[in-house]
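Now for the letters of each chain:
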Amino acid sequence: MSATIKIFHVGDKSFRHVMSSELDLVELRDEDDQTILTYCADSKVFDQHGRLGKFCLEYVEGQPRWVFCETPIDACVVLGADLPSAAVEFSKRYLRQLFSVHAGQSSAILQPA
C-alpha cells in the first residue's frame, strides 16, 4: 500500500513524496508518476543510477539536524530538524540541479539552494 505524504512544487512542476508501507521506503515521484529518488528506511538515498548518499543525525550548534552526505565525494550539507523536512529540502535541491543540467548549466547537488 502506498500513500502520498507530501506534495510540493519546483518551478512550475509538481512533485510528491509517496510512502510505500510494503517496501518500507519513500519515493520522490514526478507528475507522470515516475520515481526520481528513493529514500530507504536505513536513511540511504538512491536515484535511477545508484546510491547518492545517506542521511545522518548530527548536532549542529547544539541542535539536532539531519545532514545529507553525498557519496562518493563525502560532501555534506545540513538540512532540516526532522527527517521528512530534510528529505523534501534535499529533493528540491536535487530537482533544481537536475533542471539546471538539462538546461545546459553545471552545478552540484549540495550547492546552497
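Look above for the structure.
The present account deals with the structure reproduced in this document. (Residues numbered from 1 in each chain as written. Predicted model: local features only at pLDDT ≥ 70, side-chain atom pairs only at ≥ 80, totals over all residues. Heavy atoms only, no water.)

**Observations regarding the nonpolar core**
In globular proteins that are soluble, nonpolar side chains generally tend to be buried together.
So, step 1. Leu37, Tyr39, Val45, Phe55, Phe68 and Phe90 are the most contacted members of the largest nonpolar core, which has 21 residues in total.
So, step 2. Looking at this core, the elements that each hand over two or more residues are strand S1 (2–10), strand S3 (25–29), strand S4 (35–40), strand S6 (50–60), strand S7 (63–70) and helix H1 (83–102).
So, step 3. Tallying contributions element by element places H1 first for this core, with six residues. (Core = buried A, V, L, I, M, F, W, Y, C linked by side-chain atoms within 4.5 Å. Buried < 20%, exposed > 50% of the residue type's maximum accessible area, 1.4 Å probe, protein only. Helix = DSSP H or I, 4+ residues; strand = E, 2+ residues; numbered from the N terminus.)

**Let's talk about the layout of surface pockets**
So, step 1. Empty space within the largest pocket amounts to approximately 310 Å³.
So, step 2. Around the largest pocket sit 17 residues that line it, and Val26, Tyr39, Leu83, Pro84 and Ala87 are the ones nearest its centre.
So, step 3. Contributions of two or more residues to the lining of the largest pocket are made by S1, strand S2 (13–20), S3, S4 and H1.
So, step 4. The leading source of residues in the lining of the largest pocket is H1, at five residues.
So, step 5. In terms of residue class, the lining of the largest pocket is built from 12 nonpolar, three polar and two charged. (1 Å grid on protein atoms, 1.4 Å probe; cavity = no way out; pocket = protein on both sides within 12 Å on 5 of 7 lines; lining within 4 Å. Points joined across faces, edges and corners; volume = space filled by probe spheres on them. Nonpolar A, V, L, I, M, F, W, Y, C, P; charged D, E, K, R; others polar.)

**Comments concerning the side chain of Glu27**
So, step 1. By the element assignment, Glu27 lies in strand S3.
So, step 2. A relative accessible area of 14% means that Glu27 is categorised as buried.
So, step 3. There is a polar contact of 2.5 Å between the side chain of Glu27 and the side chain of Arg29. (Polar contact = N/O pair within 3.5 Å; in protein donor to acceptor, adjacent residues only side chain to side chain.)

**Some points on the environment of Ala41**
So, step 1. Position of Ala41 relative to the elements: it lies in the loop between S4 and strand S5 (44–47).
So, step 2. What makes Ala41 exposed here is its relative accessible area of 54%.
So, step 3. Expressed as a C-alpha distance, the spacing of Ala41 and Val26, which sit 15 residues apart in the sequence, is 8.1 Å.

**Points about the state of the cysteines**
So, step 1. Inspection of the entire model under this criterion finds one disulfide.
So, step 2. The disulfide partner of Cys69 is Cys76, and the S-S distance across this bridge is 2.2 Å. Of note, the bridge from Cys69 to Cys76 carries an S-S torsion of about 110° and is right-handed in sense.
So, step 3. The exposure class of Cys76 is partly exposed, given its relative accessible area of 45%. (Disulfide = S-S within 2.5 Å.)

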